[in-house]
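Fold and geometry: a report
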Amino acid sequence: MQIHILKSKIHRAAVTGASLNYEGSLTVDIALMEKVGFIAYEKVLCSNLANGSRFETYLIAGERGSNAVVLNGATAHLGKPGDLLTIMSFTAIDEREAQNWEPRVIVLGPKNTIINHRGI
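Per-chain numbering applies: the sequence of each chain, read as written, is numbered from 1 onward. In keeping with the predicted nature of the model, local features appear solely for residues at pLDDT of at least 70, side-chain atom pairs appear and are counted solely at 80 or more, and the whole-chain, interface and lining totals rest on all residues. Note that water and hydrogens are dropped before the side-chain values are worked out from all heavy atoms of the structure.

1. Describing the overall build of the protein chain
Think of it this way: any DSSP run of H or I at least four residues long counts as a helix, any run of E at least two long counts as a strand, and we number them from the N terminus. Along the protein chain, the regular secondary structure elements total one helix and nine strands. What you see in the protein chain, going N to C, is helices and strands ordered as β-β-β-α-β-β-β-β-β-β. In terms of overall dimensions, the protein chain is globule-like: its C-alpha atoms have a radius of gyration of 14 Å, near the 14 Å expected for 120 residues. C-alpha extents for the protein chain along the principal axes are approximately 45 × 25 × 25 Å. Relative accessibility thresholds used throughout: buried, under 20% of the residue-type maximum; exposed, over 50%; partly exposed, between the two (1.4 Å probe, protein chains only). For the protein chain, the proportion of its 120 residues judged to be buried stands at 48%. Pairs of residues are marked as contacts when any of their non-hydrogen atoms sit within 4.5 Å. Relative to all contacts within the protein chain whose residues are 6 or more apart in sequence, the contacts with residues 24 or more apart total 77%. Averaging the locations of the 12 positively and 11 negatively charged side chains of the protein chain gives two centres separated by 6 Å. In this treatment the radius of gyration is a C-alpha quantity, and the globule benchmark scales as 2.2 Å times the residue count to the 0.38 power. Think of it this way: Lys and Arg go in the positive column, Asp and Glu in the negative one, and His and the chain ends go nowhere. All charge positions are set by atom: Lys at NZ, Arg at CZ, Asp at CG, Glu at CD.

2. Some points on the side chain of aspartate 83
Mapped onto the fold, aspartate 83 is located in the loop between strand 6 (69-72) and strand 7 (84-94). There is a polar contact of 3.0 Å between the side chain of aspartate 83 and the side chain of asparagine 48. Setting aside residues no more than four positions away along its own chain, aspartate 83 makes contact with Ala13, Ala14, Val15, Asn48, Ala50 and Asn51. By the criterion applied in these results, polar contacts are pairs of N or O atoms within 3.5 Å in which, for protein atoms, one can donate a hydrogen and the other can accept it, and in which residues neighboring in sequence qualify only through two side-chain atoms.

3. Some words on the sheet that holds strand 7
Paired through their backbone hydrogen bonds, the strands of a sheet run either parallel or antiparallel. Paired strands, in this sense, are two strands between which DSSP finds at least two bridges. Strand order in this open sheet of nine strands is 2-6-3-5-4-7-1-8-9, and the pairing throughout is mixed. Only two strands of the sheet have a single neighbouring strand rather than two, namely strand 2 (17-19) and strand 9 (114-118). Each adjacent strand pair in this sheet contributes to an overall mean axis angle of 30°, direction not counted. In this analysis, axes come from line fits to C-alpha atoms, helices being fitted only over the stretch in contact, and the angle between any two N-to-C directions falls in the range 0 to 180 degrees.

Right under this line is the structure:
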């Protein structure tokens with residue numbers, strides 16, 4: 001049997017900008033994306049720790065080293081600069097594989113720098 005399980009997560013990503021008039025998506029620094037195994041246009045589930053909103057969107061690779069996390073399009077209504085997001089993607093794996101599964105996770109601190117990680 002296949003189950004859906006957490007694949008990758010960026011925890012406590014501070015929103016650095018919002019662009020209401022941009023096509024909907026979430027821009028994230030490509031270096032942060034690569035660290036957890038996210039790929040451009042991958043579907044993600046986001047939760048905003050400041051206001052409790054949860055939303056699905058897809059990722060756009062941002063400039064390497066920028067530490068950018070930008071809400072685009074309709075998602076710009078769901079947060080503001082400084083809000084902390086959890087950005088998650090999931091995968092389907094065999095139930096037996098889940099026993100030893102470890103997702104790739106980074107925790108961000110000031111200026112969206114990595115302060116902790118696991119599964120990497």
